[in-house]
Amino acid sequence: MWAEDGSANAAELGLCLKEPGVESKERVTGRQRKSLDARSPYTFTTTALLTSLVASAMGVVAKPLESKAEVHTFAGDNCDGKDDPTALTGSGSYRCIAVSGKRSIRAPEKKGCNIKTFSGSDCKGSSWKVPDGDVGCHSVLFASVEIQC
């Protein structure tokens, strides 16, 4: 199926391309593919398709970035005082953390996760969401923290 130079014969792969203005579809051989690459818009599509086929054959799979959150809650108003760190990893993960005596929060890492504070200790009541991309300190009164990835 693969030529010595690492290229693939499109006909053997079952590829069928149609040039603009041509009514019938014809199978493309390796030689014809080279001439098509030089003169048609199929260059990128054919190359991308072949690259995808090679990657699939080799077992290469793109993995999405892993969801991850790190949250610090503090006794002081300016992220000072006793620090209680919490981390959560994995898409679909959830945690509701009841806190006592906390007056500020900082989330230095928040990839694919939402972090909210709540007035109730059961992640219910009035809430405030930590803004995306914000790693600063936030002074807010809260009784629980929800992390959802």
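It should be noted that the structure appears before, not after, this text.
Residues numbered from 1 in each chain as written. Predicted model: local features only at pLDDT ≥ 70, side-chain atom pairs only at ≥ 80, totals over all residues. Heavy atoms only, no water.

Caption draft 1: The state of the cysteines, seen in detail. What the rule picks out here adds up to three disulfides. There is a disulfide in this structure between Cys-96 and Cys-123, and the S-S distance comes to 2.0 Å. One disulfide, between Cys-96 and Cys-123, carries an S-S torsion of 110° and so falls in the right-handed class. Here Cys-96 is found in strand β5 (residues 94-98), whereas its partner Cys-123 is found in the loop between β7 (114-118) and β8 (127-129), with 27 residues between them in sequence. Two residues share a disulfide in this structure: Cys-113 and Cys-149, whose sulfurs sit 2.0 Å from each other. (Disulfide = S-S within 2.5 Å. Helix = DSSP H or I, 4+ residues; strand = E, 2+ residues; numbered from the N terminus.)

Caption draft 2: Region of the structure containing the pattern of salt bridges. A complete count under the given rule lists six salt bridges for this structure. Residue Lys-68 is joined to Glu-109 by a salt bridge in which the shortest nitrogen-to-oxygen separation is 3.9 Å. On the criterion of sequence distance, the pair formed by Lys-68 in strand β3 (residues 68-74) and Glu-109 in strand β6 (residues 104-111) is long-range, its members being 41 residues apart. For Glu-109, a relative accessible area of 18% translates into the label buried. In this structure, Glu-109 engages Lys-111 in a salt bridge whose closest nitrogen and oxygen atoms are separated by 3.4 Å. (Salt bridge = Lys/Arg side-chain N within 4 Å of Asp/Glu carboxyl O. Buried < 20%, exposed > 50% of the residue type's maximum accessible area, 1.4 Å probe, protein only.)

Caption draft 3: Structural context of the pairing of β3. Of all seven residues making up β3, five are buried, and the element is well covered by its neighbours. Strand direction decides the pairing type here: β3 and strand β4 (residues 83-89), joined by seven bridges, are antiparallel. Within β4, the position partnered with Ala-69 by the bridge is Leu-88. Sheet topology places β3 next to β6; six bridges connect them, and they run antiparallel. Paired with Glu-70 across the two strands is Glu-109, which belongs to β6. (Pairing = 2+ DSSP bridges.)

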